[in-house]
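Observations on the model geometry
One-letter residues, chain by chain:
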Amino acid sequence: MLNYREVWNVETLHATSLHSKPLLNKKKMIIIDGKKISAEIRQEIAADVVKIKEHGGKIPHLAAVLVGHDGGSETYVANKIKACEEIGFKSTLIRHEDSVSEQELLLSVKKLNEEPDIDGFIVQLPLPAHISEQKITEAIDHKKDVDGFHPVNVGRMVINLPCYISATPFGILTLFERYNIDTVGKNCVIIGRSNIVGTPMSILMSRKAKPGNATVTLCHSRTKNIAEITRSADIVIVAMGIPGFLSGDMVNEGAIVIDVGTTRVKSELTKSGWKLMGDVKFDEVAPKCSYITPVPGGVGPMTIVSLLRNTLLAAKREIYK
Ligand code: GUN
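Just so it is clear, the model here is predicted, and its values are computed rather than measured. Counting of residues starts from 1 at the beginning of each chain's written sequence and follows it residue by residue. In view of the model being predicted, local features appear only for residues whose pLDDT reaches at least 70, and side-chain atom pairs are presented and counted only at 80 or more, with totals across whole chains, interfaces and linings using the full set of residues. As a rule here, side-chain values cover all heavy atoms of the structure and leave hydrogens and water aside.

This paragraph deals with helix α7 (residues 167-178). Where helices and strands are cited, they refer to DSSP runs of H or I of at least four residues and of E of at least two residues respectively, numbered from the N terminus. Here the expected span of a helix is defined as 1.5 Å times the quantity of residues minus one. Across its 12 residues, α7 extends 16 Å between first and last C-alpha, which sits within 8% of the 16 Å expected from 1.5 Å per residue. When accessible area is computed with a 1.4 Å probe and restricted to protein chains, residues below 20% of their type maximum are described as buried, those above 50% as exposed, and intermediate ones as partly exposed. Taken as a whole, α7 has its buried residues at Ala167, Thr168, Pro169, Phe170, Gly171, Ile172, Leu173, Thr174, Leu175 and Phe176. Any two residues whose heavy atoms approach within 4.5 Å at even a single point are treated as in contact. The secondary structure elements touched by the buried residues of α7 are α2 (34-54), α8 (198-206), β7 (235-238), β8 (255-259) and α11 (300-315). Once α7 finishes, Asn180 follows within two positions and takes phi at roughly 50°, a positive value.

Structure representation (structure tokens):
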């Protein structure tokens, strides 16, 4: 069994081989550190907020609407609010019970649309079954839609116009940027076609932009011979929500693997009684990769920071004047 330290040791051994006989004839593999990159970006945003305050500008203000008491949603929203406080943003949490009607929730959205001090807001998903997520999403003013879920933002993304890009795809693009990963002309295979990750990711990777300009294949539950397709990929982005879906025999030597999966599974080894599992069998896949994101500590930490970046863009009116 290969753990993170042993994987890093492969690189260490290779590095020492500059001055001695190579101990392992293996290519360098880099574990993408989303925690470190997200911390750097938070610092950059916090510095920007200090400058805004010095110049008497508008302090970015994010609001979050939370319906019900789902454990996962509670944690995500609490983390978003905490992140705002840490970097000097204003934040507002609006809570509704599970029993809230669609009309009441629409009214809450309308108030946030009209509140001039709020630069951007999100309605945490999923919503209870009696509320249409589509209706709520479409009711949000696209200029305040820092989640990038509104059809106007999605449409503008497709034709490469300034827009809010949703947090997970934005976070992955940032990782490519910060690690100087060249995506031009690469075969990029995306597994999963969700509105939030797989579909926007497929568009962003194929756009004439940087990062982008890749040749994209979008795989989903009805795709035949997925392993054959992933074996031909330079970049594999897995967003299925199936723990351990991508195994070692499914990737080519030197592939770049981005794991978006974050499934909570029971664990006797943690205090909380659960741990996060990605969609990639890390121990098998990592030794074949040139770059790979771990779970936790890869894509996950990038999502909140991307939301903060969108909120800053909203406060500065950089996307919509
Ligand atoms: N639920 C899971 N991810 C997200 C997200 O990025 N935004 C919102 N609003 N809800 C979510």
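A few words on the pattern of salt bridges. In the sections that follow, a salt bridge refers to a side-chain nitrogen of Lys or Arg positioned within 4 Å of a carboxyl oxygen of Asp or Glu. Taken as a whole and assessed by the stated rule, the structure comprises 12 salt bridges. Residues Glu86 and Lys82 are paired through a salt bridge, measuring 3.6 Å at the closest nitrogen-oxygen approach. You can see Glu86 and its partner Lys82 sitting in helix α3 (residues 71-87), four residues apart, about one turn around the helix. A salt bridge links Glu102 to Lys135, with the nearest nitrogen and oxygen atoms 3.0 Å apart. Separated by 33 residues along the polypeptide, Glu102 in helix α4 (residues 102-114) and Lys135 in helix α5 (residues 133-139) bring together distant segments of the chain. By sharing partners, the salt bridges in this structure join Lys58, Lys90, Asp117, Asp119 and Arg317 into a single network.

The next subject is the pairing of strand β4 (residues 120-123). Burial of the side chains of β4 extends over both faces: Gly120 and Ile122 are buried on one face and Phe121 and Val123 on the other. The sheet contact formed by strand β2 (residues 61-67) and β4 spans four bridges and is parallel. Bridge pairing links Ala63 to Phe121 in β4. Strands are labelled as partners when DSSP assigns at least two bridges between them.

Let us look at the site of the ligand. Here, proximity means that at least one heavy atom of the residue falls within 4 Å of the molecule or strand. Looking at the ligand, the residues that line it are Lys80, Val123, Gln124, Leu125, Asp147 and Phe149. Within the contact set of the ligand, a nitrogen atom lies 2.9 Å away from a backbone nitrogen or oxygen of Val123. In the analysis that follows, any N or O atom pair within 3.5 Å is treated as a polar contact, provided that within protein one partner can donate a hydrogen and the other can accept it, and provided that, for residues neighboring in sequence, both atoms belong to side chains. The contact in question runs from a nitrogen atom of the ligand to an N or O atom on the side chain of Asp147, over 2.6 Å. In isolation the ligand has 280 Å² of accessible area, and contact with the protein removes 78% of it. Cavity and pocket criteria rest on a 1 Å grid covering protein atoms alone: a 1.4 Å probe that fits but cannot get out defines a cavity, protein on both sides within 12 Å along at least 5 of 7 lines defines an open pocket, and an atom within 4 Å of a point defines a lining residue. The rule for placing a molecule in a cavity or pocket is simple: more than half of its atoms must lie within 2 Å of the grid points. Put simply, the ligand lies in the largest pocket. Polar here means any residue outside two lists: the nonpolar Ala, Val, Leu, Ile, Met, Phe, Trp, Tyr, Cys and Pro, and the charged Asp, Glu, Lys and Arg; Gly therefore counts as polar. The residue makeup of the shell around the ligand, split by class, is three nonpolar, one polar and two charged. To be clear on the numbers: accessible area is Shrake-Rupley with a 1.4 Å probe, and residue cover counts the displayed protein chains and nothing else.

Moving on: the layout of surface pockets. What the largest pocket holds in volume is close to 1,500 Å³. Mapped by element, the contributors of at least two residues to the lining of the largest pocket are α2, α3, β4, α7, β9 (263-266), β10 (274-277) and α11. By residue number, the principal contributor to the lining of the largest pocket is α3, which donates nine residues. Looking at the lining of the largest pocket residue by residue, the classes come out as 22 nonpolar, 15 polar and 11 charged. Grid points are joined across faces, edges and corners, and a volume is the space filled by probe spheres set on the points.

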